[in-house]
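What the coordinates show
So the chains spell out like this:
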Amino acid sequence: MSSILQSPTTAPGRFGPYGGRYVPETLMVPLFELERAYEIAKSDVSFQAQLQSLLKNFAGRPTPLQFASRLTEHLGGPRIYLKREDLLHTGAHKINNAIGQGLLALKMGKPRIVAETGAGQHGVASATIAAHLGLECVVYMGTEDMARQALNVARMRLLGAQVVAVASGSRTLKDAINEAMRDWVTNVRTTHYLLGSVLGAHPYPTMVRDFQSIIGREAREQILAAEKRLPTHLFACVGGGSNAIGLFYAFLRDSEVKMVGIEAGGRGSELGEHAARLAAAQGYAGARPGVLQGTYTYVLQNSDGQIAATHSISAGLDYPAIGPEHAWLADQHRAQYAAVSDSAALDAAQTLARTEGIIPALESAHAIAGLIERRAQFTPDDLIIVNLSGRGDKDMDTYSRLL
Amino acid sequence: MIAASSNSTRISQRFADLRASGELGIIAYITAGDPSLDATLKFVLALAEAGADIIELGVPFSDPLADGPTIQRASERALKSGISLAGVIDLVHRIRQSSQVPLILFSYYNPILQMGLEKFARAASEAGADGVLATDLTPEESADYRRILAAHNLDTIFLGAPTSTEERLAKIAGVSSGFLYLISRTGVTGAKDALPDDLPVLIRRARAVTQLPIAVGFGISLPGHVSVLGRLADAAVVGSALVSEIENAKSIDAACAALAARIRSLKQAATYGLSRREVAP
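These numbers come from a predicted model, not from an experiment.

Within chain A, the secondary structure is distributed over 16 helices and 14 strands. Considered along the principal axes of its C-alpha atoms, chain A spans approximately 55 × 45 × 45 Å. Evaluated residue by residue, chain A yields a buried proportion of 67% over its 403 residues. Across chain A, contacts joining residues at least 24 apart in sequence account for 74% of those joining residues at least 6 apart. Element-wise, carbon and sulfur atoms account for 52% of the exposed surface of chain A, whose accessible area totals about 13,300 Å².

Now the structure itself:
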């Protein structure tokens, strides 16, 4: 066993050198309280029973692991399975984490949650669990994302959440997180910050991973039942990286399983044109380790340490930093990361729609595109699981405009 | 050239002087490079001339998540004019040609980290900075930072907050030098009408765990705030109110005059009347 298998976290909240807790002092004690509440919840029988019940009866778990027969045929090589997180209530994997943190907010006696959202899927999941549990919910969303994900804005409002438009900076996910953190630091005594990805200060990257790791636990059992063997490859898209780590985590000890995270290559490799943090080998410029929004990880930035603008057709991947555990998995060569372009993702969405009858979210379409681009590298013996993290309803405006 | 060993004493010396005169110190924050470094040079000299005891130079950052709208806008203006941390350090050097006012660099951590801790500390110290405050850096994550800055005779100032426990306040004070900076309220920077009701309790809690001078910031803008703080703290930090003066002024000279007037009115409240404290024996 390599060291990473024994101890992926070398210090509390650290993944090798990455992670940590870089926040204004006001948030430190609330972060300790959250960490403690989460530790208690892990072994709290009633909390776990509530969590399992909501995942099953409210969200719709377990999700199917579907053999993609026509995509398999289309690619002419490996056997391909899709982990159908898109079939969950609210339409994406985000609900797994939202349920867990919503229950924690209740446990901690916080009547109000704030959340950020890019594609709107995490915002919808937060608004949904808040309504279900009777919590007040405020969602921060960049104005550019509100325009391109208008359907999700309407859904959040119908669910009773207040959606606050963020017009600062790049008007996307990064700026929504800044604004959610400003709200949290102001209202910290009554408010839980329901962060939607494996980002931010400890304990978020660990806690969100744990809430999402049910994806991989189910998929591992399902593939062993269906094929009597482990997969050779896993594919997932990576913005912050919560669906990817959710799939990867249960397979970390299976060293023969290759893991591939697909980032947003946008429309070019120059800084500002993409959101690829771990794809320098493909020529994507501007990523170096640094501190952003509470964590030390790979960040797209200029030489002065100012955070760079990013571009992706997918609002959920349009973010300059990657979850710290992914940075560590990349350093250790335990997972590979690569980027695909906006147009490759659009093509992949169309391919999946026409071969399988599934319209994927633009984010998940990146994972499909990463698979398609590697078709020549596979053999018929390869067995692949792609995390279909979300459905494409929210992206219909973009699809109908560009396809 | 200023001897490095004199750097760390400028802040402590100023607090010793303030304590001897029984006067509340006024710490002035402005964002460096808003709207230009030349303008900031004039602003700093005007602030010092008007009686500001210590100047905090804000290093602009693209994602100022601890700041309210006023300082966010100042950061954006400064970044638009191409200001970098290296440029701010160069400004410190220029200020030192004509003023010995204690200077603190007030930054988010990433620009410092990207310059490199050693390179940053050497450059800041040689330029004549006296201390550094990194908004998103806490005692837990700062061992290297503190060791390297201390080796270059830079004071490391950390924030204490209303949510900090006694144990944490002691820990924060233990790694701070120069003074302890208390955040008056939960929230981001920005001028407010009233001081929080629980502020005296927070200051007493901090006094119980440290001998360091205590400065209070976030939401301080009016002479009345200073009058109240005079009996409780050692210094008041005024930031967004000054940045607003710069934002609203018609010219650089008008901004200098407005900044000086602000500081004089605060300094007057700090020197006379209610805020006057017993002179330390």
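Let's shift gears to the sheet that holds strand β8 (residues 191-193) of chain A. Residue and element names in this part refer to chain A. Read across the sheet, 4 strands follow the order β7-β6-β5-β8 without closing on themselves; strand pairing throughout is parallel. At either end of the open sheet lies a strand with only one pairing partner, and these are β7 (162-166) and β8. Strand-to-strand twist across the sheet, computed as the mean angle between neighbouring axes with direction ignored, equals 25°. Summarising the sheet, strand β6 (residues 136-142) and β7 pair through 5 bridges and their orientation is parallel. Looking across to β7, one finds that Tyr140 is bridged to Val164. Packing against the sheet, helix α6 (residues 121-133) makes contact with β5 (112-117) and β6, and its axis sits at approximately 165° to β5.

Attention now moves to the pairing of strand β4 (residues 79-84) of chain A. All names here are of chain A. Burial within β4 is extensive, with 5 of its 6 residues counted as buried. In terms of strand pairing, strand β3 (residues 65-67) meets β4 through 3 bridges, oriented antiparallel. What sits directly across from Phe67, in β4, is Tyr81. Here 6 bridges tie β4 to strand β14 (residues 383-388), and the two strands are oriented parallel to one another. Its bridge partner lying in β14, Lys83 is registered against Asn387.

Residue and element names in this part refer to chain A. One can find Ser242 in helix α12 (residues 242-248). Residue Ser242 is classed as buried on the basis of its relative accessible area, which comes to 2%. Excluding anything up to four places from it in sequence, Ser242 contacts His93, Lys94, Gly196, Ser197, Val198, Val208 and Gln212. Polar side-chain contacts of Ser242 include one of 2.9 Å to the side chain of His93.

Our next topic: the pairing of strand β1 (residues 25-31) of chain B. Residues and elements named next belong to chain B. Burial within β1 is extensive, with 7 of its 7 residues counted as buried. By the alternation rule, side chains of β1 split into Gly25, Ile27, Tyr29 and Thr31 and Ile26, Ala28 and Ile30, which are all buried. When β1 meets strand β9 (residues 235-238), the two strands line up parallel, connected through 4 bridges. Looking across to β9, one finds that Ile26 is bridged to Ala236. Looking at chain direction, β1 and strand β2 (residues 54-58) are connected through 5 bridges and run parallel. Looking at β2, one finds that Ile27 is bridged to Ile54. You can see the chain leave β1, run along helix α2 (residues 37-50) and come back into β2, and the turn it takes is right-handed.

Looking now at helix α6 (residues 117-127) of chain B. Residue and element names in this part refer to chain B. Residues Leu117, Phe120, Ala121, Ala124, Ser125 and Ala127 constitute the buried set of α6. Seen along its axis, α6 keeps its buried residues to an arc of 165°; they face one direction. Backbone geometry just after α6 places Gly128 at a positive phi near 110°.

What the rule picks out here adds up to 16 aromatic pairs over all chains. A ring pair is formed by Tyr18 of chain A and Tyr296 of chain A, whose centres lie 5.8 Å apart and whose planes are at 20°; its orientation type is stacked. One end of the pair, Tyr18 of chain A, is in strand β2 (residues 18-19); the other, Tyr296 of chain A, is in strand β12 (residues 295-300), and 278 residues separate them in sequence. Using a relative accessible area of 4% as the deciding quantity, one classes Tyr18 of chain A as buried. Consider the rings of Phe106 of chain B and Tyr181 of chain B, whose centres lie 6.3 Å apart with planes at 55°: the pair is tilted. In this pair, Phe106 of chain B is assigned in strand β3 (residues 103-107) and Tyr181 of chain B in strand β7 (residues 180-183), connecting sequence segments 75 residues apart.

Below, the discussion takes up the interface of chain B and chain A. At the interface, 37 residues of chain B touch 36 residues of chain A. Summed over both sides, the interface of chain B with chain A buries roughly 2,800 Å², with 52% coming from carbon and sulfur. On inspection of chain B and its partner chain A, the count reaches 3 salt bridges. A salt bridge links Asp63 of chain B to Lys174 of chain A; the shortest N-O distance between them is 2.8 Å. Among the elements of the structure, α3 (69-80), α5 (109-115), β6 (159-160) and α8 (166-175) of chain B are those that each provide at least two residues to the side of chain B that touches chain A.

Further remarks concern helix α10 (residues 223-230) of chain B. Quick reminder: α-helices carry 3.6 residues per turn. Residues three or four places apart thus point the same way. Those residues of α10 of chain B lying buried are His225, Val226, Ser227, Leu229 and Gly230 of chain B. Considering only its buried residues, α10 of chain B is in contact with β1, α9 (199-207), β8 (214-217), β9 and α12 (252-271) of chain B.

Before going further, it helps to spend a moment on the confidence of the model for chain B. When pLDDT is averaged across chain B, the result is 93; 94% of the residues are at 70 or more. Counted against residues more than four places away or in other chains, residues 1-7 of chain B, with its pLDDT under 50, gives 12 contacts.

What counts, and at which threshold
- Residues numbered from 1 in each chain as written.
- Chains lettered and ligands numbered in written order.
- Predicted model: local features only at pLDDT ≥ 70, side-chain atom pairs only at ≥ 80, totals over all residues.
- Heavy atoms only, no water.
- Helix = DSSP H or I, 4+ residues; strand = E, 2+ residues; numbered from the N terminus.
- Buried < 20%, exposed > 50% of the residue type's maximum accessible area, 1.4 Å probe, protein only.
- Contact = heavy atoms within 4.5 Å.
- Areas by Shrake-Rupley, 256 points an atom, 1.4 Å probe, with all protein chains shown as cover.
- Pairing = 2+ DSSP bridges.
- Axes fitted to C-alpha atoms, helices over the stretch in contact; angles between N-to-C directions.
- Polar contact = N/O pair within 3.5 Å; in protein donor to acceptor, adjacent residues only side chain to side chain.
- Right-handed = clockwise from strand over helix to strand, strands pointing away.
- Arc of directions from axis to C-beta.
- Phe/Tyr/Trp six-rings, centres within 6.5 Å; stacked < 30°, edge-to-face > 60°.
- Buried area = accessible area lost by both parts, 1.4 Å probe.
- Salt bridge = Lys/Arg side-chain N within 4 Å of Asp/Glu carboxyl O.
- pLDDT = per-residue confidence, 0-100.

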